[in-house]
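Coordinate analysis (summary)
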Amino acid sequence: MEKEIYFAGGCFWGVEHFFKGVHGVTDVRCGYANGIPDNPSYEEVYTDKTGHAETVRVRYNDERISLQELTRLFFATIDPSLLNRQGHDEGTRYRTGVFYTSEDDAAVLRQEFARQEELLHQEMPEAAMQTELLPLSKFFPAEEYHHDYLDKNPGGYCHLDFKVFVYLQLYQDLKALLEGETDSVARMSEAAALIAERMKFFWTGFYRVIGRELVLGPFQGPAACLRIGFGRGVCGTSWKQARTIVVPDVEEFPGHIACSSLSRSEIVVPLFDADGKVTAVLDIDSTSVGTFDRTDASFLRLIADLV
Ligand code: SME
């Protein structure tokens, strides 16, 4: 069935471009939502006095993609801790929000927002979620030149980090490749290979929980430590705390285990079973300091959930 949902995620040019690449999305339209005047112009909205938010209407086939998955992808493109700001853009028109048109959707979204708040709290304990969850009150399509803006203007302004588009492709390709495969080692091997190929990280691999240790699993990159204890290093800490850990500089992480002296920054994302128990971790290392941010954390969370 065709359904629709409205995402305000900052400048609508990039948000539209992102959702056009999502499999199962049938139509995307830039517009202005949830403000006061009807049929506002871009110039009026730009004054920041209309109350409208730059918003994209996303129509999708719910047999191909769920509202939950769309919302997770949306959250991977925004910083929900920012009020009236995304990227370099500031103003109430750039606030973030999900605007729904049915109570069934609201229930799904409330659940997903609770999960996103928990993830945000793990990442930044003092931050508050600024993303609105509201019924859609109004939506007016934007002027024609805003539609397909980044296709018409390649290299044009986009507040999104280019890597969101690379990650989206990676995520969707991996999802297609893993379809029907039940063996966990095969799934991890495919994921490690695809992440390494697309993202060109120094070391990408999995450690599996076996008893009280993490044991090296499928990986791409130089030879690495075979076993890591519970609570040891970044990997063991991610397992113990059951959360993603981003380490901007490995020298500042007490207890970091240096499998290679070339590793300068790291991200570790836990994999969970259906009961919420950690079964493995996805560990990625970079030879530069500060490689990983919330975009990596969000997309690697989505990828870990696939595996
Ligand atoms: N640095 C990791 C150990 C694994 S290697 O990076 C491949 C840690 O501290 O847990």
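Located above this text is the structure these notes cover.
Residues numbered from 1 in each chain as written. Predicted model: local features only at pLDDT ≥ 70, side-chain atom pairs only at ≥ 80, totals over all residues. Heavy atoms only, no water.

1. Examining the overall build of the chain
From N to C terminus, the chain includes 9 helices and 14 strands. For a compact globule of 307 residues, the expected C-alpha radius of gyration is about 19 Å, and the chain comes in at 20 Å, within 12% of that figure. For the C-alpha atoms alone, the extent of the chain along its principal axes is close to 60 × 40 × 35 Å. Residues counted as buried form 52% of the 307 residues belonging to the chain. Across the chain, every contact between residues at least 6 apart in sequence was considered, and the portion connecting residues at least 24 apart equals 67%. Accessible area of the chain: about 13900 Å², with a carbon and sulfur share of 50%. Charge separation in the chain, taken as the distance between the mean sites of 30 positive and 47 negative side-chain charges, equals 3 Å. (Helix = DSSP H or I, 4+ residues; strand = E, 2+ residues; numbered from the N terminus. Rg over C-alpha atoms; globule rule 2.2 N^0.38 Å. Buried < 20%, exposed > 50% of the residue type's maximum accessible area, 1.4 Å probe, protein only. Contact = heavy atoms within 4.5 Å. Areas by Shrake-Rupley, 256 points an atom, 1.4 Å probe, with all protein chains shown as cover. Lys, Arg positive; Asp, Glu negative; His and termini not counted. Charge placed at Lys NZ, Arg CZ, Asp CG, Glu CD.)

2. Points about the sheet that holds strand β12 (residues 245-247)
Taken in spatial order, the 6 strands line up as β11-β10-β9-β14-β13-β12 in an open sheet, and their pairing is antiparallel. Single-partner strands in this sheet number two, and they are β11 (227-229) and β12. Averaged over all pairs of adjacent strands, the angle between strand axes in this sheet comes to 25 degrees, irrespective of strand direction. Bridging between strand β9 (residues 203-210) and strand β14 (residues 278-286) involves 6 bridges; their strand directions are antiparallel. Note on β14: the bridge partner recorded for G205 is D283. Packed on one face of the sheet, helix α7 (residues 184-199) meets β9, β10 (213-220) and β14 and runs near 55 degrees to β10. Where helix α9 (residues 294-306) meets the sheet, it contacts β12, β13 (265-272) and β14, and its direction lies at approximately 35 degrees from that of β13. (Pairing = 2+ DSSP bridges. Axes fitted to C-alpha atoms, helices over the stretch in contact; angles between N-to-C directions.)

3. Some points on the nonpolar core
I5, F18, F19 and L70 are the most contacted members of the largest nonpolar core, which has 69 residues in total. Ranked by the residues each element gives to this core, the list is headed by helix α6 (residues 163-178), at 8 residues. Ranked by size, the runner-up nonpolar core spans 17 residues in total, among them W203, W239, V278 and V281. (Core = buried A, V, L, I, M, F, W, Y, C linked by side-chain atoms within 4.5 Å.)

4. Some details on the site of the ligand
Taken together, the neighbourhood of the ligand is formed by 13 residues, with V234, C235, I257, E266 and D285 sitting nearest. The separation between an oxygen atom of the ligand and a polar main-chain atom of V234 is 2.9 Å. Taking H256, its side chain carries an N or O atom lying 3.3 Å from a nitrogen atom of the ligand. Within the complex, 99% of the 310 Å² of free accessible area of the ligand lies under protein. Elements that contribute at least two residues to the shell around the ligand include exactly β9, α8 (233-241) and β14. The element contributing the most residues to the shell around the ligand is α8, with 3 residues. In terms of residue class, the shell around the ligand is built from 8 nonpolar, 2 polar and 3 charged. (Near = heavy atom within 4 Å. Polar contact = N/O pair within 3.5 Å; in protein donor to acceptor, adjacent residues only side chain to side chain. Nonpolar A, V, L, I, M, F, W, Y, C, P; charged D, E, K, R; others polar.)

5. Things to note about α8
Of all 9 residues in α8, 7 are buried; the element is thus mostly enclosed. Every buried residue of α8 is accounted for by G233, V234, C235, G236, T237, S238 and W239. For α8, the secondary structure elements touched by its buried residues are β9, β10, β11, β12, β13 and β14. Looking one or two residues beyond α8, the residue adopting positive phi is A242, at roughly 50 degrees.

6. With respect to the packing of aromatic side chains
For the structure on display, the rule yields 18 aromatic pairs. Judged by centre distance (6.4 Å) and plane angle (65 degrees), the rings of F18 and F299 are edge-to-face. Of this pair, F18 sits in helix α1 (residues 12-20) while F299 is found in helix α9, placing the two residues 281 residues apart along the sequence. The class for F18 is buried, based on a relative accessible area of 1%. (Phe/Tyr/Trp six-rings, centres within 6.5 Å; stacked < 30°, edge-to-face > 60°.)

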